[in-house]
Amino acid sequence: MDLDELVDVYWQDIAPKRCRDGFDEDREAPTYDWLTEHGYSGIAYALREHHDLTPNQFFVDVVGLEDAESEEWEWNVDHDATVNALDAYLTSIETRGGRAESTVETHRTRLAKWVRTYRELHGTDALLEPLSELDQQPREIERVLAVLDVFDEELSTDRSKLEYLHVARAWYAFVKRRKYAKYNPLSEAGEEFGWEASEPDPQALSASQVRRIYGEVDSPEAELLVVALAGWGLRPSEVAALHVDQVVLDAEDPHLSFGDGERKNGPGEVTLLYGVDVVADRIDSLSDRKNWNGYLFPSRSSSTGHVSVSTIRRRFKQLADTAEVVVDGDTPTPKMGRRFWYSAYQEAVGEVLEGLEGVAEDQGSSSTEVVLRNYLSREQERKARRKRMYEKLDKALGF
């Protein structure tokens, strides 16, 4: 299953059981022990092997529930006035608002993600400072919309996106009421996005659509953008912040390396099955530039040193417009390129399993999954999966 299908498993199957056990299924993430006790240990395996996620990361960052592993809270914010305003808001909704402790913790978790994402995009966690002057309002609105752009790409469902928006908007409304701010930059942000509480499954680009978009690239930078999204399955925020230090062009195992704080899923590697020559050429061309800062999508005007997520989104949509690719009547977004990768990967895994049906029958095994787990080494499984995936990527990106 892909992440969206696993989200459906939670809401349709796990959540009702959580409710019957006396938990708040809309807020409290299940622990690993609870999942194992109720027969869901397989979801932990699927998340670890196919999505590089722990169950808690999945339930918090994808489903949008409260962190089950949090014990002692730290905002990790350097701006005292912002910390004080965050704490004052949580105290207010608990004491005057009469909110349950679980609700307060949910607001705390989502505000922390808001502040963290804002800092990663704009290089500061002093969220109150630009709210003190009305002449900064237009620019600050663009900043908070950029945070929502990241959530739009990273969160799996509209329901999760709306929950984060509602909490952040409520905090900004609070600081405005308390006269810490002169305006609420999120007051009309909901009008910018077509998020609905229930929506159809997100679409993935087809191989032919990716090929048409890739056919319109007109620069090494544009080529790398499409390959990183559709060929490596990166998030747009990860594409924007790609750095040469992350690229390991080992002949036997080329990959991208992500350290602590560089990826929502935590430290890890992304194998480069395709496009090694593209990233190598990009690095060579940038190396000739004077004072290059190491980012593969550098920007002199940005405080981060690299382009923003909105720039990645805009450039991808421009390529799709030129290629005249349309999905459900609209220009596709970078997320649809990333979802192509996941869709292709899911198909590749399925084809590997189909190829083991004869072995399962001869061995009297109950399923091809048993054969995969018990009769093939991890290296054999890895090679078979990569071979299938390479064929799919070559169909979409090869010329």
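Because the structure is predicted, anything quoted here is derived from the model rather than measured. (Residues numbered from 1 in each chain as written. Predicted model: local features only at pLDDT ≥ 70, side-chain atom pairs only at ≥ 80, totals over all residues. Heavy atoms only, no water.)

## Here we look at the overall build of the chain
Tallying secondary structure elements over the chain gives 17 helices and 3 strands in all. Counting across all 399 residues of the chain, residues that qualify as buried make up 51%. When contacts within the chain are restricted to residue pairs at least 6 apart in sequence, long-range pairs at least 24 apart make up 66% of them. (Helix = DSSP H or I, 4+ residues; strand = E, 2+ residues; numbered from the N terminus. Buried < 20%, exposed > 50% of the residue type's maximum accessible area, 1.4 Å probe, protein only. Contact = heavy atoms within 4.5 Å.)

## Topic: the environment of Pro220
Looking at the element boundaries, Pro220 is found in helix H10 (residues 220-231). In sequence terms Pro220 and Arg282 are 62 residues apart; their C-alpha atoms lie 6.1 Å from each other.

## Structural notes on unusual backbone geometry
In this model, Lys179 sits at a positive phi of 70°, which is unusual for a non-glycine residue. For Lys179, the location among the structural elements is in the loop between helix H8 (158-177) and helix H9 (207-214). A relative accessible area of 71% places Lys179 in the exposed class. Here Glu324, not a glycine, exhibits a phi torsion of approximately 60°, which is positive.

## A few points about helix H4 (residues 55-63)
Since the α-helix advances by 3.6 residues per turn, residues separated by three or four positions end up pointing in the same direction. The element H4 is extensively covered by neighbouring structure, given that 8 of its 9 residues are classed as buried. Every buried residue of H4 is listed here: Pro55, Asn56, Phe58, Phe59, Val60, Asp61, Val62 and Val63. One or two residues past the end of H4 sits Gly64, with phi positive at roughly 95°.

## Regarding the packing of aromatic side chains
Applying the stated criterion across every chain yields a total of 13 aromatic pairs. When the ring of Tyr89 is compared with that of Phe174, the centres are 5.6 Å apart and the planes differ by 65°; the resulting orientation is edge-to-face. Of this pair, Tyr89 sits in helix H5 (residues 80-95) while Phe174 sits in helix H8; the two residues are 85 residues apart in sequence, bridging distant segments of the chain. By relative accessible area, which is 1% here, Phe174 ends up buried. A connected cluster of aromatic rings, assembled from ring pairs, spans Trp114, Phe151, Tyr164, Trp171 and Tyr172. Over the aromatic face of Trp34 sits the side chain of Arg18, whose NZ or CZ is 4.8 Å from the ring centroid. (Phe/Tyr/Trp six-rings, centres within 6.5 Å; stacked < 30°, edge-to-face > 60°. Lys NZ or Arg CZ within 6 Å of the ring centre and 35° of its normal.)

## A closer look at the nonpolar core
By size, the foremost hydrophobic cluster in this structure holds 50 residues, and its most contacted members are Leu205, Ile213, Trp232, Leu234, Leu256, Leu296 and Phe340. Elements that contribute at least two residues to this core include exactly H9, H10, helix H11 (236-240), strand S2 (255-258), helix H12 (276-287), helix H13 (309-323), helix H14 (334-354) and helix H17 (378-397). Among all residues touching Ile213, those that are not within four sequence positions of it are Leu205, Val226, Phe316, Leu319, Ala320, Ala323, Val325 and Pro332. (Core = buried A, V, L, I, M, F, W, Y, C linked by side-chain atoms within 4.5 Å.)

## Concerning the pairing of S2
Looking at chain direction, strand S1 (residues 247-248) and S2 are connected through 2 bridges and run antiparallel. By the bridge assignment, Val247 is partnered in S2 with Leu256. Counting the residues that bridge the hairpin from S1 to S2 gives 6 residues. As judged from the 4 bridges shared by S2 and strand S3 (residues 268-271), these two strands associate in the antiparallel manner. In the strand pairing of S3, His255 is matched with Thr271. (Pairing = 2+ DSSP bridges.)

## Here's the deal with H9
Turning to H9, its buried residues number three or more, namely Ala207, Gln209, Val210, Ile213 and Tyr214. Buried residues along H9 cover an arc of 160° about the axis, so they all sit on one side. (Arc of directions from axis to C-beta.)

## Describing the environment of Asp78
Along the polypeptide, Asp78 turns up in the loop between H4 and H5. Of the residues examined, Asp78 reaches a relative accessible area of 69% and is grouped as exposed. Residues Asp78 and Ala126, spaced 48 residues apart in sequence, show a C-alpha to C-alpha distance of 7.6 Å.

## Points about the side chain of His243
Along the polypeptide, His243 turns up in the loop between H11 and S1. Excluding its chain neighbours within four sequence positions, the residues that come into contact with His243 are Asn293, Gly294, Tyr295 and Leu296.

## Remarks on the environment of Leu397
Take Leu397: it is sitting in helix H17. Note on Leu397: relative accessible area 3%, which makes it buried. Separated by 185 residues in the primary sequence, Leu397 and Arg212 have C-alpha atoms spaced 9.1 Å apart. If near-sequence neighbours (up to four positions away) are discounted, Leu397 is found in contact with Val210, Tyr214, Val226, Gly231 and Tyr274.

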